[in-house]
Amino acid sequence: MDVAALKRHCRSLPGAVEQRYDAPANILVYAVGGKRFAYFKTSEPERWRFSFKVPPERFLELTDQPGIKPARWLGHHRWVTVVDVSAMPAGYLKDLVAWSHRYAWDRLSRRQRAEIQEGASAPDGKVR
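My aim in this report is to walk through the structure given alongside it, one point at a time.

Conventions used here
- Residues numbered from 1 in each chain as written.
- Predicted model: local features only at pLDDT ≥ 70, side-chain atom pairs only at ≥ 80, totals over all residues.
- Heavy atoms only, no water.
- Pairing = 2+ DSSP bridges.
- Helix = DSSP H or I, 4+ residues; strand = E, 2+ residues; numbered from the N terminus.
- Axes fitted to C-alpha atoms, helices over the stretch in contact; angles between N-to-C directions.
- Contact = heavy atoms within 4.5 Å.

We now examine the sheet that holds strand 6 (residues 79-82). Across the sheet, six strands lie side by side as 1-2-3-4-6-5; this open sheet has antiparallel pairing. Bordering the open sheet on either side are strand 1 (16-21) and strand 5 (68-70), each of which pairs with just one other strand. For this sheet, the mean inter-axis angle between neighbouring strands, taken without regard to orientation, is 25°. Where strand 5 lies against strand 6, three bridges are found, and the strand directions are antiparallel. What sits directly across from Ile 68, in strand 6, is Val 82. Those strands touched by helix 2 (residues 56-63) are strand 5 and strand 6, and its axis lies near 125° from that of strand 5.

Let us look at the pairing of strand 1. For strand 1 and strand 2 (residues 27-32), the ladder comprises six bridges, and the chain directions are antiparallel. In the sheet register, Arg 20 faces strand 2, and the bridge partner there is Leu 28. Hairpin connection of strand 1 to strand 2: five residues between the antiparallel strands, including Asn 26 at a positive phi of 55°.

Dropping the structure here:
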């Protein structure tokens, strides 16, 4: 899976919103209801490194693999960074991102979830 395909996948998740932050952060964030579930670094030398939250039981397993490390600043919160997304199997990466999205979704209030679902089912298809 390349970066463009992964971006499309993140945008396709229910209620997902993409937002770019320029300097000093230089990240492209994917969030649901204001809760981040993934982001890309957009500046050199880490351009297109991809980070997301993982289950506690998977953190050590993943960070022991070459090309995956604890995310800078968020590693202590069980976020990992994938150095090269094309080196990971697409299905495996999608499953991990789906877990991160569900984790963020589950932290939303019932009212927030209902508003997002209502917006997704609106005739114009735009999230309000």
